[in-house]
Amino acid sequence: MMAVAAAQKNREMFAIKKSYSIENGYPSRRRSLVDDARFETLVVKQTKQTVLEEARNKANDESLEECILQAEEHIPAEQNVELQDEQPNLENLPLENEYVPVEEEVEIEQEPSLQQEQTQGQEAGEEPTKNDYGLTEDEILLANAACSSPEAEAAMQSAALVVRLKEGISSLGRILKAIETFHGQVQHVESRQSRVEGVGHDVLIKLDMTRGNLLQLIRSLRQSGSFSSMNLLAENNISVKAPWFPKHASELDNCNHLMTKYEPDLDMNHPGFADKVYRQRRKEIAEIAFAYKYGDPIPYIAYTDVEVKTWRSVFKTVQDLAPKHACAEYRAAFQKLQDEQIFVDHRLPQLQEMSDFLRKNTGFSLRPAAGLLTARDFLASLAFRIFQSTQYVRHVNSPYHTPEPDSIHELLGHMPLLADPSFAQFSQEIGLASLGASDEEIEKLSTVYWFTVEFGLCKEHGQIKAYGAGLLSSYGELLHAISDKCEHRAFEPASTAVQPYQDQEYQPIYYVAESFEDAKDKFRRWVSTMSRPFEVRFNPHTERVEVLDSVDKLETLVHQMNTEILHLTNAIHKLKRPF
């Protein structure tokens, strides 16, 4: 729990506190997941640079300096390790303004290995750092966690250090001596001949040590001329600089406070800007969503007659267009929802009954959201087969268009296909790929999501059909997308991920998948090229995302797969038996 709290504190340190508006640099007036991701990348970089520079400047003051030096109080003077004759003054430490992305960290294989980091260093043409005395991001994050309380400082931290030795393997002895001096316990040591020019060996050391002592150890190692560079990895061998992501469905409670700000009382172009009653209604429904916690039943919303009228108008339009233009999977789920009296024209479906329906069919469930989440938080929810859905309804004066997703868009656009097993799997795989991804990769994943889940087309018996929620809930763009007024391209994730999109008018380009299975296969191959240095899987029994970072975890997974294969083999044999 302490580690989770520390990770969340670091996440809050870099939280986006600007509204998503053109005045703050948002790239357009129309809301979209892609522009969210682009804006978040820019703001996070700016915020990160500001926060880190402030922390480095505070190194001249009492706060961070005390955190760094507190560990020395428990180390006798005669035991202080000297890895270099001359120790630099903390006030003269140069700034390191550049954020080191996750992709430069060590690749985690069956056992944490240095092989991938060596390869990445070689491919990037990495130069040995001439002066590595700067207060680095991982030190600041570690100090931030240690400073939160005396208990946090004394808490044991499982970590891994990747150190590049300039003077050969003999320097390893000094590192191990330093770890002993700072009362650390070494769990694993691995060395390889380095592929980086000017570096003798790369060494991976897994250890347990209190945060305060670990911080002092890192400072000592960085100030030594014997080492070219050092990276710090934390829980599950993931870099301390890697973006925090939820490991259990309950941690999505921490993924609802970073809301985008396109609301009727903030933008005069919003259809409800001048409607005080509508603005108050939106606030009331938003508060209900903010109060929701994991495990709670989804709150019931008593929709007004005006809201039901808006729903009826859009529902009947989709009901007329879907048989001709929607894909077979959408039509089948839509009919099933009608048969179970969830899709009817005289009332809006409640999220709880829709969530129960999805759980029975694909294991997906719903969670109320007050508005648009950040792109990273929204995609992370999909990894747990949870879709964050709004409960408010678009303004009555704009029934066929809404500047941001509302419950009608979610219900008519997204829910039917989330009841299809193949599409549900595709959605979850996008979510799993986003966990721990860099900001740049979140942009690409958001763009893939935009051109598939929101505006995707597929082939069906030689005809083009729609499966994107943005198309199926907007009849104007649906008719445009299947016409000859736009360009249709085959879905290829690598090119789709970097395709600019049109946000003022209908899209000029749409991507067509051969099938959901084909789209999933192509997506999996593309995700394997991403720079994230670890792999994850979702355990449906525990609702937990597991980082596959050890032989034990892989052996457990292989055993489970073998059991499933045995069941499948037995089923095949039984089906082949004569009557």
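Cut-offs applied
- Once a new chain begins, its residue numbering starts again from 1 and follows that chain's sequence as written.
- Where local features are concerned, this predicted model is filtered to residues with pLDDT of at least 70; where side-chain atom pairs are given and counted, the filter is 80 or more; whole-chain, interface and lining totals use all residues.
- No hydrogens and no water enter the side-chain calculation; it runs on all heavy atoms of the structure.
- Here a helix means four or more residues in a row that DSSP labels H or I, a strand means two or more in a row labelled E, and each is numbered from the N terminus.
- Any two residues having at least one pair of non-hydrogen atoms within 4.5 Å are treated as being in contact.
- By the convention used here, strands pair only if DSSP detects at least 2 bridges between them.
- Orientation is described by lines fitted to C-alpha atoms, with helices fitted over the stretch in contact, and by angles between N-to-C directions that extend from 0 to 180 degrees.
- With respect to orientation, any angle under 35 degrees is reported as roughly parallel, any angle over 145 as roughly antiparallel, any angle of 65 to 115 as roughly perpendicular, and every other angle as oblique.
- Here a cavity is any set of points on a 1 Å grid over the protein atoms alone where a 1.4 Å probe fits but cannot get out, and a pocket is any open set with protein on both sides within 12 Å along at least 5 of 7 lines; a residue lines the site when it has an atom within 4 Å of a point.
- Grid points are joined across faces, edges and corners, and a volume is the space filled by probe spheres set on the points.
- Each residue's exposure class comes from its accessible area (1.4 Å probe, protein chains only) as a fraction of the maximum for that residue type: buried when under 20%, exposed when over 50%, partly exposed otherwise.
- The arc in question is the one traced by the directions running from the helix axis out to the C-beta atoms.
- Here a polar contact is taken to be a pair of N or O atoms separated by no more than 3.5 Å, where protein atoms must pair a possible hydrogen donor with a possible acceptor and residues adjacent in sequence count only if both atoms sit in side chains.
- What makes a crossing left-handed is the near helix being turned counterclockwise from the far one by less than a right angle; a clockwise turn instead makes it right-handed.
- We call Asp, Glu, Lys and Arg charged. Ala, Val, Leu, Ile, Met, Phe, Trp, Tyr, Cys and Pro are nonpolar, and the rest, Gly among them, are polar.
- Salt bridges, as used here, are contacts in which a Lys or Arg side-chain nitrogen is within 4 Å of a carboxyl oxygen on Asp or Glu.
- Confidence of the prediction at every residue is given by pLDDT, a number between 0 and 100.
- Here the aromatic set is Phe, Tyr and Trp, taking the six-membered ring for Trp, and pairing holds for ring centres within 6.5 Å; pairs whose planes are under 30 degrees apart are stacked, those over 60 apart are edge-to-face, and all others are tilted.
- Our definition puts a charge over a ring when NZ of Lys or CZ of Arg is within 6 Å of the ring centre and also within 35 degrees of the ring normal.

K.L.:
Would you mind going over the environment of Q352 with me for this structure?
P.N.:
Take Q352: it is sitting in helix α12 (residues 351-361). In the structure, Q352 is positioned 53 residues away from P299 in sequence and 7.7 Å away in space, judged by C-alpha atoms. Sequence-distant contacts of Q352, defined by excluding residues within four places in its chain, comprise P297 and I298.

K.L.:
Explanation requested: the sheet that holds strand β3 (residues 201-210) in the structure shown.
P.N.:
Strand pairing in a sheet relies on backbone hydrogen bonds. The paired strands run either parallel or antiparallel. One open sheet holds the four strands; their spatial order is β2-β3-β1-β4, and the pairing between them is antiparallel. Single-partner strands in this sheet number two, and they are β2 (185-193) and β4 (227-233). Adjacent strand axes in the sheet meet at a mean angle of 20°, parallel and antiparallel pairs treated alike. Bridge count for β2 against β3 is eight bridges, and the pairing is antiparallel. Across the sheet, the residue bridging to H188 is K206, located in β3.

K.L.:
In this structure, what is going on with the packing of helix α11 (residues 328-339) against helix α14 (residues 407-418)? I would like to understand it.
P.N.:
Angle between the axes and distance between the axes: these two values describe a pair of packed helices. Direction vectors running N to C along α11 and α14 enclose 100°, while the axes themselves pass 8 Å from each other. Our classification of the angle between α11 and α14 gives roughly perpendicular. Taken together, the residues of α14 that come into contact with α11 (itself represented by E329, Y330, A333, F334 and L337) are L412, G413, P416 and L417.

K.L.:
Explanation requested: the pairing of strand β7 (residues 457-460) in the structure shown.
P.N.:
The side chains of a regular strand alternate, first on one face of the sheet and then on the other. Inspection of the sheet shows β7 paired to strand β8 (residues 463-466) by four bridges, in the antiparallel sense. Residue pairing for β8: C458 is matched across the bridge by K465. Count of turn residues in the β7/β8 antiparallel hairpin: two residues, of which H461 carries a positive phi of about 55°. Across two bridges, the pairing between β7 and strand β10 (residues 509-513) is parallel. In the strand pairing of β10, L457 is matched with V512.

K.L.:
Just to check I follow, could you spell out empty space enclosed by the protein for this structure?
P.N.:
In this approach the atoms are scanned with a rolling probe the size of a water molecule, which exposes any empty space left behind. Scanning all chains against the criterion turns up four cavities of 30 Å³ or more. By volume, the largest cavity amounts to about 60 Å³. Taken together, V314, T317, V318, L321, Y400, L471, L472, S473, S474 and Y475 make up the full set of residues lining the largest cavity. Elements supplying a minimum of two residues to the lining of the largest cavity: α10 (305-325) and α17 (469-472). No other element matches α10, which puts four residues into the lining of the largest cavity.

K.L.:
Quick question: what am I supposed to make of the sheet that holds β8 here?
P.N.:
Taking strand neighbours across the sheet as the criterion, the four strands line up as β8-β7-β10-β9 in an open arrangement whose pairing is mixed. Bordering the open sheet on either side are β8 and β9 (487-490), each of which pairs with just one other strand. Sheet twist, expressed as the mean angle between neighbouring strand axes with direction ignored, is 40°.

K.L.:
Teacher, can you tell me more about α12 here?
P.N.:
Each α-helix turn comprises 3.6 residues. Residues three or four places apart therefore point the same way. Along α12, the residues classified as buried are L351, M354, S355, F357 and L358. Down the axis of α12, the buried side of the element spans an arc of 160°, and every buried residue falls inside it. Next to the buried residues of α12 lie α11, β5 (365-368), β6 (386-389) and α14. Positive backbone phi, approximately 85°, marks G363, located one or two places after α12.

K.L.:
I keep staring at the side chain of Q499 and nothing clicks. Help me out?
P.N.:
Here Q499 is to be found in the loop between α19 (493-496) and β10. Accessibility expressed as a relative area gives 15% for Q499, which makes it buried. At 3.3 Å, the side chain of Q499 forms a polar contact with the side chain of Y511. With residues up to four places along the chain from it excluded, the contact list for Q499 reads T447, F451, R489, I509 and Y511.

K.L.:
Honestly, the packing of α10 against α14 in this entry has me stumped. Any pointers?
P.N.:
In the contact formed by α10 and α14, the axes pass within 11 Å of each other and the chain directions differ by 25°. Classified by the angle their axes make, α10 and α14 are roughly parallel. In the crossing of α10 with α14, the sense of the turn from one axis to the other is right-handed. Where α10 abuts α14, its residues T310, W311, V314, F315 and V318 lie against I408, L411 and L412. Across the contact of α10 with α14, the residue classes break down as seven nonpolar, one polar and no charged.

K.L.:
Help me understand the pattern of salt bridges in this model?
P.N.:
Close approach of charged atoms lets side chains of opposite charge pair. Scanning all chains against the criterion turns up 18 salt bridges. The closest approach of N and O atoms between K316 and D345, which form a salt bridge, is 3.1 Å. Here K316 is found in helix α10, whereas its partner D345 is found in the loop between α11 and α12, with 29 residues between them in sequence. Its relative accessible area of 38% is what places K316 among the partly exposed residues. Between E492 and K522 there is a salt bridge, with the nearest N and O atoms lying 3.2 Å from each other. Taken as a pair, E492 in the loop between β9 and α19 and K522 in helix α20 (residues 516-527) lie far apart in primary sequence, 30 residues in all. Taking the relative accessible area as the measure of exposure, K522 reaches 13% and is therefore buried.

K.L.:
Would you take a moment to explain the confidence of the model for the protein for this structure?
P.N.:
Segments scoring low in pLDDT should not have their predicted coordinates read at a detailed level. With 73% of its residues at a pLDDT of 70 or more, the protein has an overall mean of 77. Predicted confidence for residues 1-6 stays below pLDDT 50, and this span has nine contacts to residues more than four positions away or in other chains. Every residue in residues 74-133 is under pLDDT 50, and counting partners more than four places away or in other chains gives 135 contacts.

K.L.:
I'm lost on the packing of aromatic side chains in this one. Help?
P.N.:
How two aromatic rings sit relative to each other is set out by the distance from centre to centre and by the angle between their planes. One pass over the structure, following the stated rule, counts 18 aromatic pairs. Arranged with centres 6.0 Å apart and planes meeting at 70°, the rings of F423 and Y467 form a pair that is edge-to-face. One end of the pair, F423, is in helix α15 (residues 421-434); the other, Y467, is in the loop between β8 and α17, with 44 residues separating them in the sequence. Aromatic pair F426 and F523: ring centres 5.7 Å apart, planes at 70°, arrangement edge-to-face. One end of the pair, F426, is in helix α15; the other, F523, is in helix α20, with 97 residues separating them in the sequence. Judged on exposure class, the residue F426 and its partner F523 are both buried. An aromatic cluster is defined as three or more aromatic residues linked by ring pairs; in this entry it consists of F423, F426, Y467, F516, F523 and W526. The ring centre of F245 lies 4.2 Å from the NZ or CZ of K247, which sits over that ring. For the cation-ring pair, R282 lies above Y392, with the distance from its terminal atom to the ring centre recorded as 3.6 Å.

K.L.:
Before we go on, may I ask you to explain unusual backbone geometry in this structure?
P.N.:
Among all residues save glycine, negative phi is the norm, and among peptide bonds the norm is trans. The residue Q341 is not glycine, and still its phi comes out positive at about 60°. By relative accessible area, Q341 is classed as partly exposed at 47%. In the Ramachandran plot, H461 falls in the positive-phi region, its phi being about 55° despite a non-glycine side chain.

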